[in-house]
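Single-letter residue listing:
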Amino acid sequence: MTKLETLKQYFGYDSFRSGQETLIDGVVAGRDVLGVMPTGAGKSVCFQIPALMMDGVAIIVSPLISLMKDQVNALTQSGIPAAFINSSLSGLQIDKALQKAREGAYKLIYVAPERLLASDFLSFAQTAKLSMLTVDEAHCISQWGQDFRPSYSKIPEFVASLPKRPILSAFTATATAKVREDIVALLGLNDPIVLVTGFNRENLYFEVQKTKDKYAALTTFLNIQKERSGIVYCSTRAAVEEVCEKLKTEGYSASRYHAGLADDERHDNQDDFLYDRVQIMVATNAFGMGIDKSNVSFVVHYNMPKDMESYYQEAGRAGRDGGPADCILLYSGQDVRTNMWLIENARDVQYPDKETEELLKERDRKRLREMTFYCSVNDCLRGYILKYFGENPPNYCGNCGNCDTNFEMVDITVEAQKILSCVARMKERYGQKMLIDVLRGSKSEKVLRLQLDKLSTYGISEKSEKQLYEMINQLILNDYLLKTDDEYPVLRLGNRASEILRNGKTVQMKLVKEKQAPEIATNKKQTRPVDNRLFAVLRELRLAIAKEQNVPAFVIFPDSALIDMCMKVPTTDEEFLKVSGVGKVKLERYGEKFLKVIVEFLHYK
Ligand code: ADP
Ligand code: ZN
């Protein structure tokens, strides 16, 4: 079978997405590959299809147990023999799975990195015919990645212990050059084909809301979601508890997830969400890595995450089915302080020595600054993200909160002149807080003691602390000011300061209009040209089948397939097979049931 036939037969798709073919061809031709693609781009088929096309069994190293179960579930549903080996299985179950694997029963076997060197797994791998070793979430091997996992370091040792080195394929959504180099070097990829696809996810709408009342902003947003399901990320367990409790009291269908819950509850709550029994999951970022639920229609960040990598990965869990989805970040200054504290007091990280510690902390601070800038830029948010990941996007996307403009343009030239000359008068020796104090004429003990009240720029601004803070940030972003990278950063005049101070350049900036109960511009591409009644009937059928089989609904069909059914309204097997997401096995399994419901619907319409 060709790769295209394999795609259609097992996954029900008619064509490859950008990048998929290159990686599949590479592996099939015996090359090592590294695929760098954003979450939701479709990395899985890049190793699943080669695994199906090649002799032997592919080993897939994956960091999260929940991911394995879902993926194996989904593969089995599509008629692909697969299994997983991890600590959720008993010793007996593992023996059995390995026995079957030895007999050649599987094309793919998922394994947690910790298990690779366990003697039973090792002896299996050393005798089995392996088609390939795939490393998913490969950035976990790099200290420079945002979630380094020591157990990933065991992968090379595992490879070295095999009688014959298998083809290696690695995948990640983290694109920085440093991490990419690390992956190639540490995994020992042999002259790999490296494919980095564009990071843009067109169907995601981005928005940052600065609001005093986050909870009100959240509920205003939720109220227009109707039946759409989504995730609300909070940075602490306490916030998860609080927000979830409030939502439940007010009648929202919500559940909670964080590392402090008992295993049972966590597991049940996660299933409730996966199986569409609850609509909203309030969670810490412990939730979702490896959640393949394709119909997550929104991700709200109740707090700003620590870096852009985390943000894009978490937000990217929305809209995996390609449908329109919203990624909303609720920002407040407190979020920056919380993250700063977490960096300085990182408890779960062990540093080999003081020097590395400082290096890594500095890296984290830098990342946090870039995340904070995301929340204050006036430019296109998608543009900011894509630039962060090394792309060169157009400056207007038309599908983000800034492009949609809830900002007002203000001329801040005079204010900028005041700020810059104050920095000069203060001899470029002080930080942001002190600068603002002087500009606003503070009588604090420190200002008086240092005699800063004698400066001609003392007390010349009437702006609020917050406004000044935003303007200063804007000036830093545009190189008019420079903030040093020290422990106590000070402000200096930036490369372009003279443009304002001497050349009379005007500076404009969009300042956010602060709103009590924000109006929310949601995704404009939201309207779906489908018959909602048919969609509802199909959803019901899908849910019934999912319940019967005890799997999440999206494992039967993703939303995108149901939507395509509503558009194509198939009434025969051939027509049903044309639906995106319907392969041969799914046609055999579910064709009759779905066709019956569609025909009935047409009849009674
Ligand atoms: P990633 O691992 O990159 O986050 P997945 O492999 O989970 O993404 O794929 C995301 C979604 O895209 C899945 O629902 C998958 O079935 C779908 N998909 C993958 N490849 C294609 C394709 N060629 N055409 C249509 N949908 C696809
Ligand atoms: Zn935009």
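1. As for the coordination of the zinc ion (ligand 2)
Then comes step 1: Coordination sphere of the zinc ion (ligand 2), protein contribution only: C380 (SG), C397 (SG), C400 (SG) and C403 (SG), at 2.3 to 2.4 Å.
Then comes step 2: Bound by four donor atoms, the zinc ion (ligand 2) shows angles of 99 to 118° at the metal and therefore tetrahedral coordination geometry.
Then comes step 3: In primary-sequence terms, the residues that donate to the zinc ion (ligand 2) follow C-x16-C-x2-C-x2-C. One end of the pair, C380, is in the loop between α14 (354–376) and α15 (381–388); the other, C397, is in the loop between α15 and β14 (407–411), and 17 residues separate them in sequence.
Then comes step 4: Judged by relative accessible area, C380 falls into the buried class, the value being 6%.
Then comes step 5: For C397, a relative accessible area of 27% puts it in the partly exposed group.

2. Digging into the pattern of salt bridges
Then comes step 1: What the rule picks out here adds up to 33 salt bridges.
Then comes step 2: A salt bridge links K593 to E548, with the nearest nitrogen and oxygen atoms 3.9 Å apart. Of this pair, K593 sits in helix α25 (residues 584–604) while E548 sits in helix α21 (residues 532–549); the two residues are 45 residues apart in sequence, bridging distant segments of the chain.
Then comes step 3: Looking at K593, the relative accessible area reads 38%, which means it is partly exposed.
Then comes step 4: Overlapping salt bridges bring together E344, E358, E362, R365 and R369 as one network.

3. Here's the deal with the sheet that holds strand β8 (residues 204–210)
Then comes step 1: Pairing in this open sheet of six strands is parallel, and the strands run β8-β13-β12-β9-β11-β10 from one edge to the other. Only two strands of the sheet have a single neighbouring strand rather than two, namely β8 and β10 (254–257). Neighbour-to-neighbour, the strand axes of this sheet turn through a mean angle of 20°, independent of strand direction.
Then comes step 2: Inspection of the sheet shows strand β9 (residues 229–233) paired to strand β12 (residues 296–301) by five bridges, in the parallel sense. Residue pairing across strands places Y233 opposite H301, the latter belonging to β12.
Then comes step 3: Seen against the sheet, helix α10 (residues 237–249) touches β10 and β11 (280–283) and runs at an angle of roughly 165° to β10.
Then comes step 4: Packing against the sheet, helix α12 (residues 308–315) makes contact with β8, β9, β12 and β13 (325–331), and its axis sits at approximately 150° to β12.

4. Observations regarding the site of ligand 1
Then comes step 1: If you check the shell around ligand 1, you find 14 residues, and the closest are Y13, S15, G40, K43 and S44.
Then comes step 2: Note that an oxygen atom of ligand 1 is positioned 3.5 Å from one of the backbone N or O atoms of A41.
Then comes step 3: Expressed as a share of its isolated accessible area of 570 Å², the protein-covered part of ligand 1 is 83%.
Then comes step 4: Along the lines of polarity and charge, the residues of the shell around ligand 1 split into four nonpolar, six polar and four charged.

5. Details of the domain arrangement of the protein chain
Then comes step 1: Taken as a whole, the protein chain is organised into domain 1 (3–196), domain 2 (204–388), domain 3 (407–512) and domain 4 (532–604).
Then comes step 2: Each of domain 1 and domain 3 has a C-alpha centre, and these two points are 52 Å apart.

6. Details of the pairing of β9
Then comes step 1: With five of five residues buried, β9 lies mostly within the body of the structure.
Then comes step 2: Burial along β9 is two-sided: the residues S229, I231 and Y233 and G230 and V232 are all buried.
Then comes step 3: With four bridges joining them, β9 and β11 adopt parallel strand pairing. Bridge assignment links Y233 to a residue of β11, and that residue is A283.

What counts, and where the lines are drawn
Residues numbered from 1 in each chain as written. Chains lettered and ligands numbered in written order. Predicted model: local features only at pLDDT ≥ 70, side-chain atom pairs only at ≥ 80, totals over all residues. Heavy atoms only, no water. Donors = N, O, S within 2.8 Å, 3.2 Å for Na, K, Ca; no water. Tetrahedral: all angles 85-135°; square planar, octahedral: opposite > 155°, others 65-115°. Helix = DSSP H or I, 4+ residues; strand = E, 2+ residues; numbered from the N terminus. Buried < 20%, exposed > 50% of the residue type's maximum accessible area, 1.4 Å probe, protein only. Salt bridge = Lys/Arg side-chain N within 4 Å of Asp/Glu carboxyl O. Pairing = 2+ DSSP bridges. Axes fitted to C-alpha atoms, helices over the stretch in contact; angles between N-to-C directions. Contact = heavy atoms within 4.5 Å. Near = heavy atom within 4 Å. Polar contact = N/O pair within 3.5 Å; in protein donor to acceptor, adjacent residues only side chain to side chain. Areas by Shrake-Rupley, 256 points an atom, 1.4 Å probe, with all protein chains shown as cover. Nonpolar A, V, L, I, M, F, W, Y, C, P; charged D, E, K, R; others polar. Domains from an automatic or database assignment.

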